[in-house]
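# Residue-level structural notes
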Amino acid sequence: MSRTTPIAFGPYWQLTKPRVVALIVFTALVGMFLAVPGLPPLRQTLFGLLGIWLAAASAAAINHLIDQRIDRVMVRTAHRPLATGALTSAKVLTFAVFLGAASMTILIALVNPLTAALTFASLIGYAIVYTGWLKRATPQNIVIGGIAGAAPPLLGWAAVTGRVDPHALLLVLIIFVWTPPHFWALAIFRRDDYARALIPMLPVTHGVVYTRWQILFYTVLLVLATVLPWITGMSGLFYLGGALVLGAVFLWYAWKLLDPPDELFAMKVFNYSIVYLMALFAFLLIDHWLLPFLQPAPLFQLQPA
């Protein structure tokens, strides 16, 4: 009697970059909650998050497929399924197409066509434009390609409202400006990896000192961008206070990185940048619920005649 070899799901799960995708889904969820005054509609929320997750996982799998040559020579990625031979290119391609098709089917049928179109554009932007072209073409790859990774709050907003809102674009702007200091800190620490793989990341092409100053510059821009939700009336003082404290710490990290105590400090900046974004969006979400209670009631209220 022949036995069927069981499918190992671990390598497929690894293809989806679960920690990266979790941050994507979280920021999309915050976009959903900020889009409406009360609870967002349940169907659009659940299926919207599922569709966004599937699309992000598909893009991650395509990233593995395109970058398999690079992954084999980089210490950080040498353990990935294609690099180790745990999966074949054909299996990864089939998996990525299946996830992408499932995402589009769910978003079109159960959410709305606008969210499907925006999500598909984001998938192509990251998986094809950034991974397949920009990553190898210019040291500004992460800046130009960052727009695709910044889209999740807009996707979540569109899922529950069916439209593109200026406030949603503010959230996109924040992640867009956050991406360079976040990724360049990692690139500084892994610059030898990128040089060996012939990837023109900024520390490789322009040096570490230049990259450190760019991180500081973008961190200043980030702090300014995070004030915009309060200026535009999207959020209140609770969020503003949290954003300023988080931004001050990020600025300290960026300034300290100009003359770091050791090589590992760049990774400390990278790790803080992840905590920073999660906490910032958590402040946005909490402020959205607390704002009505924080606003004092008027002393006098005119009664209709």
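Going by the structure above, here's the rest.
Small disclaimer: the values here were computed from a predicted structure and weren't measured. (Residues numbered from 1 in each chain as written. Predicted model: local features only at pLDDT ≥ 70, side-chain atom pairs only at ≥ 80, totals over all residues. Heavy atoms only, no water.)

Glancing now at the overall build of the chain. In terms of regular secondary structure, the chain is built from 16 helices and zero strands. Over its C-alpha atoms the chain spans a radius of gyration of 21 Å, differing by no more than 12% from the 19 Å that the globule rule assigns to 305 residues. Each of the 305 residues in the chain was classed as buried or not, and the buried ones make up 51%. Relative to all contacts within the chain whose residues are 6 or more apart in sequence, the contacts with residues 24 or more apart total 74%. By element, 72% of the accessible surface of the chain is carried by carbon and sulfur atoms, the whole surface being about 14,900 Å². Each charge sign in the chain was given a centre, from 18 positive and 9 negative side chains, and these centres are 10 Å apart. (Helix = DSSP H or I, 4+ residues; strand = E, 2+ residues; numbered from the N terminus. Rg over C-alpha atoms; globule rule 2.2 N^0.38 Å. Buried < 20%, exposed > 50% of the residue type's maximum accessible area, 1.4 Å probe, protein only. Contact = heavy atoms within 4.5 Å. Areas by Shrake-Rupley, 256 points an atom, 1.4 Å probe, with all protein chains shown as cover. Lys, Arg positive; Asp, Glu negative; His and termini not counted. Charge placed at Lys NZ, Arg CZ, Asp CG, Glu CD.)

Turning to the packing of aromatic side chains, a few remarks are in order. In the structure shown here, the tally under the stated rule is 14 aromatic pairs. Here Tyr253 and Tyr272 contribute two aromatic rings whose centre-to-centre distance is 5.0 Å and whose plane-to-plane angle is 20°, an arrangement assigned as stacked. Taken together, the residues span a long stretch of sequence, with Tyr253 in helix 15 (residues 237–257) and Tyr272 in helix 16 (residues 265–294) at a distance of 19 residues. Judged by its relative accessible area of 18%, Tyr253 falls in the buried class. Residue Tyr272 is classed as buried on the basis of its relative accessible area of 12%. Here the aromatic residues Phe250, Trp252, Tyr253, Phe265, Tyr272 and Tyr276 are joined through ring pairs into a cluster of three or more. (Phe/Tyr/Trp six-rings, centres within 6.5 Å; stacked < 30°, edge-to-face > 60°.)

Once that is clear, we can look at helix 7 (residues 113–137). Maximum bend of helix 7: about 55°, positioned at Tyr130. Where helix 7 is buried, its residues meet helix 3 (42–66), helix 6 (89–111), helix 8 (141–144), helix 9 (146–149), helix 10 (152–161) and helix 11 (166–189). (Bend = angle between axes of the 7 residues up to and from the residue.)

Let us now look at the nonpolar core. Among the nonpolar cores identified, the biggest contains 72 residues, and Trp178 and Tyr276 are the most heavily contacted of them. The element best represented in this core is helix 11, accounting for 13 residues. Sequence-distant contacts of Tyr276, that is, excluding residues within four places in its chain, are made with Trp178, Leu222, Thr226, Leu246, Gly247 and Phe250. Core analysis: the next-biggest nonpolar cluster, separate from the first, contains 18 residues, Leu54, Ile62, Val92 and Ala96 among them. (Core = buried A, V, L, I, M, F, W, Y, C linked by side-chain atoms within 4.5 Å.)

Where helix 3 meets helix 7, the axes come as close as 9 Å, and the angle between the chain directions of the two elements is 20°. It follows that helix 3 is roughly parallel to helix 7 by the angle criterion. Relative to helix 7, the crossing made by helix 3 is right-handed. Note on element contacts: helix 7 touches helix 3 through Thr119, Leu123, Tyr126, Ala127, Ile128, Thr131, Gly132, Lys135 and Arg136, opposite Ile52, Ala55, Ser58, Ala59, Ala60, Ile62, Asn63 and Ile66. Grouping the constituent residues of the contact of helix 3 with helix 7 by class yields 10 nonpolar, five polar and two charged. (Axes fitted to C-alpha atoms, helices over the stretch in contact; angles between N-to-C directions. Parallel < 35°, antiparallel > 145°, perpendicular 65-115°, else oblique. Left-handed = near helix turned anticlockwise from the far one by under 90°. Nonpolar A, V, L, I, M, F, W, Y, C, P; charged D, E, K, R; others polar.)

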